[in-house]
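Spelled out, the chains give:
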Amino acid sequence: MKVNPSSCLCPVLLCLCFLERGYEASHHGQAKIISRSHNATHNHNQTKDGETEVHHRPKRGWIWNQFFVLEEHIGTDAQYVGKLHSNSDKGDGSVRYILSGEGAGSIFIINEVTGDIHATKSLDREKKSHYVLHAQAIDLNTNKPLEPESEFIIKVQDINDNAPKFPDGPFVTTVPEMSEVGTSVFQVTATDADDPTYGNSARVVYSVLQGQPYFSVDPKSGIIRTALADMDREGREHYSVVIQAKDMAGQVGGLSGSTTVNITLTDVNDNPPKFSQKNYQVFVPESAQVGKPVGKIKANDEDIGINAEIKYSILNPEGAGMFSISTDKDTREGVITLRKPLNYEKKKQYSLHISAENTHLDPRFSYLGSFKDDATLKITVGDVDEPPVFSMDYYIMEVYENAKVGTEVGAVTARDPDSKNSPVRYFIKRREDKEVYFDIESISGVIRTTQLLDREDTPWHNITVMATEEDNPSLQSHVPVTVQVLDVNDNPPMINTEDEIIICESTRAGQVIQTITAVDKDDFANGKGFSFSFPGGVPANPNFTIKDNEDSTASIIARRRRFHRLTQELYELPVVVWDDGEPILSSTSTLTLRVCSCQRGTRLKVCQEEAFLSSAGLSMGALIAILLCVLILLAIVILFIALRRSKKEPLIISEEDIRENVVTYDDEGGGEEDTEAFDIIALRNPAAAEELKFRRDVRPECIRPWSSRRPARSRLSPSSLDIDEEMDVGEFIKQRVAETDQDTSVPPYDSLQTYAYEGQGSPAGSISSLGSAGAHSELDCNSLDNWGPKFEKIAELYGEEVETASESTEKAESEKQT
């Protein structure tokens, strides 16, 4: 196939086509000469002998180069792409060209006779840069391919139809203020959708449209740099820089795009703090509270953030002793606080020398000077009408108990601290829940009693005295006053008689029975020592004497031996006790002594009769109640045992030893199957065994003589028994007893079973079934089957007897015949 030179629409395009083809052939190897033979063999065929056929080099069939088509074609006619031609085509119209692959038939069409290819649509290289198609030449006469199907490529030729773009713009960035010229700020990058390998359509250069003379941009890299020195944030902080990107290397006719870069200058500490003035004044009343702010001062710093942080200081010692200063983090103000109370009468004015300096310094800007400033603050103390001031912070006063009403306790004093020195009035703060014991004179401040005081009741009294100015009663001050009530000897001593004194019967003469002490409600100073004796004018006690131990105790000593409780149990002993206060007071107490028979071998004196009670901790009534309960329980147990013995039954009945069953009989009678129990009467009364009936739980069987050889099922009538019938019955009973002993189904104890025998010669005849089971019985037993279920057992018994009799008869007849 050959390329038709007419594929280049104009001379310019013709040159471009040849340059492109030469470039592709030399660098990429994409321009090809494709040769095919219509009779070429594609597979290696082998013979049966394993020989390989020789492949011959095929002839060159058709030739074409890579095709090109310009994008964005705007003509009304279809754009000519190229021509396919085969060497086998003689021009007689016998060859048909077929095109297939990407876009065949829709975008690209071919003239089947001439092989001309046209593009019917405008193509966009940015969407699809090339198309892969397949070509084939077919002989119309034989309808067979003249050439093998071959592949070729149609490339879309780029034109500059896309402007550069900044996909991520606009941009925001920062740069420190006072930066040097050429400091890198930001880099922008534009993209161009055109082919970067063809021409200058995608070759972009950058320039600054807006932002000179502060910033510049590198034309190739797009790096933005500072272009002006010493840019000050405090002068201008924000800059808007417009950057343009133009393709075609910036030549005329190229397409361009732009973006905006917003640049903010960040702060550096290049400005020191400054006070707006050198002298400040503030008024502070003398009533200002310690620890509270009294004023503010501020130094201005044009910087921001950490670069504007300021530390304030008071330089002069006088000001630093009365005031302190701190920095408010939010407002950056210096807050002045009072350290000590102000007093207008002592000092009316203070002068503070205050400095402000940055806490974070930048050494690059040290050439600008010291980053601190000074100012003077004058504080004027204002006079305030203050409440009265007491001479002491608290008062402690004393007064004796039982003092007369109106006795002076003490006095408080207060004065007006102001210069006018107003008169002061006093009063006591009352409480409704407490009784009033004191009053105060409003002018002098003297405190007096209003009623008698008792130290033993309340030794201390706490009151609050208030002072006000006569000219301004709203101004008040308070002071605590504590009044101590002093003791006087107004309570006699008392002997402690709470514990009972016990005298053992075995007490000897001269033995100490008890050591007694005394108590006194008065203070120790009025009752530190006690003396004991018997009352004066009383005859000597023949039984006891008292000895003063001179240590505020006394001992009671027995004067004779052997005290007997039965003779006299209680003794009363009066004792007098004195204190050594001023005046001396005394009292008489009567001691009670009890005679007991004490336990031997113990130091503790406890009566034997009370030992049990005291150890158990129970009263006599409780012991009597417990004893009655025990007696009642014992009587119940004895009564229960007596009742059990009267019934001759054991107190405890084992569940395994069951000797008696309850047998229930209904009114209609249940026959022999009505009960399966044993009759216990036979065990308790053996003499009544003769009156018992046959066992109803065992089917009657025949009584067989020992000499008889009859069948076991046959029954004998009483007339057939010989003289030894009674002996046979006895043997029969023994046999039954032996069988019962060996039977494991019966209870594990002996059970008497009786079998009655009527004997011979009874005038009333026999009602036993033994006589009615003969072969000559006229009773029709078949009718028993119709009498219902109550006679089912009888019918069964008699039915068996009839069958046995008939069997015996048939056997006898057969023997006779034999």
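Structure: above.
A. Quick peek at the pattern of salt bridges. Per the stated rule, a full pass over the model turns up 17 salt bridges. Put simply, Asp362 and Arg364 hold a salt bridge, and the shortest N to O gap is 3.0 Å. As a salt-bridge pair, Arg594 and Glu569 come within 2.7 Å of each other at their nearest N and O atoms. Taken together, the positions of Arg594 in strand 41 (residues 586–596) and Glu569 in the loop between strand 39 (553–558) and strand 40 (570–579) put the pair 25 residues apart, joining distant regions of the chain. When salt bridges that share partners are traced, they join Arg233, Glu234, Glu237 and Asp267 into one network.

B. Highlighting the nonpolar core. Grouped together as the largest cluster of nonpolar side chains are 24 residues, with contacts concentrated most on Phe275, Tyr312, Phe323, Ile336, Leu342, Leu352 and Ile354. If you list the elements that add at least two residues to this core, you get strand 17 (279–285), strand 18 (293–297), strand 20 (310–314), strand 21 (323–327), strand 22 (334–338), strand 23 (349–358) and strand 24 (372–382). Those residues in contact with Phe275, other than ones at most four positions away along the chain, are Tyr280, Ile297, Lys298, Ala299, Tyr312, Ile354, Ser355, Ala356, Asp373, Asp374 and Ala375. Phe390, Ala414, Ile440 and Val483 belong to the second-largest nonpolar core, a separate cluster that totals 23 residues.

C. Representation of the sheet that holds strand 23. Taken together, four strands build an open sheet; the order of strands is 17-24-23-20 and the sheet is mixed. Each edge of the open sheet is held by one strand with a lone partner, namely strand 17 and strand 20. Each neighbouring strand pair of the sheet contributes to a mean axis angle of 30 degrees, computed without reference to strand direction. As defined by bridge partners, strand 20 adjoins strand 23 across five bridges and the pair is classed as antiparallel. Each residue of the ladder has a partner; that of Tyr312, found in strand 23, is Ala356.

D. The arrangement of the side chain of Thr259 in detail. The topology assignment puts Thr259 in strand 15 (residues 256–266). Not counting residues up to four positions away in its chain, the partners in contact with Thr259 are Phe166, Gly169, Pro170, Phe171, Val241, Val242 and Ile243.

E. Fine view of the packing of aromatic side chains. According to the stated counting rule, one finds 13 aromatic pairs in the structure shown. Measuring from ring centre to ring centre gives 6.3 Å for Phe275 and Tyr280, while their planes differ by 65 degrees; the resulting arrangement is edge-to-face. Look at Phe275 and you get buried, because its relative accessible area is 8%. The class for Tyr280 is buried, based on a relative accessible area of 16%. Measuring from centroid to centroid gives 5.6 Å for Phe544 and Phe563, while their planes differ by 5 degrees, and the two rings are stacked. Taken together, the residues Phe544 in strand 38 (residues 544–548) and Phe563 in the loop between strand 39 and strand 40 connect sequence positions 19 residues apart. Phe563 sits in the buried class, given a relative accessible area of 0%. Taken together through their ring pairs, the aromatic side chains of Tyr214, Phe215 and Tyr239 make up a single cluster. Sitting above the plane of the Tyr344 ring, Lys348 keeps its charged end 4.7 Å from the centroid.

Definitions and limits used
- Residues numbered from 1 in each chain as written.
- Predicted model: local features only at pLDDT ≥ 70, side-chain atom pairs only at ≥ 80, totals over all residues.
- Heavy atoms only, no water.
- Salt bridge = Lys/Arg side-chain N within 4 Å of Asp/Glu carboxyl O.
- Helix = DSSP H or I, 4+ residues; strand = E, 2+ residues; numbered from the N terminus.
- Core = buried A, V, L, I, M, F, W, Y, C linked by side-chain atoms within 4.5 Å.
- Buried < 20%, exposed > 50% of the residue type's maximum accessible area, 1.4 Å probe, protein only.
- Contact = heavy atoms within 4.5 Å.
- Pairing = 2+ DSSP bridges.
- Axes fitted to C-alpha atoms, helices over the stretch in contact; angles between N-to-C directions.
- Phe/Tyr/Trp six-rings, centres within 6.5 Å; stacked < 30°, edge-to-face > 60°.
- Lys NZ or Arg CZ within 6 Å of the ring centre and 35° of its normal.

All quantities given are derived from atomic positions and should not be read as evidence of function.
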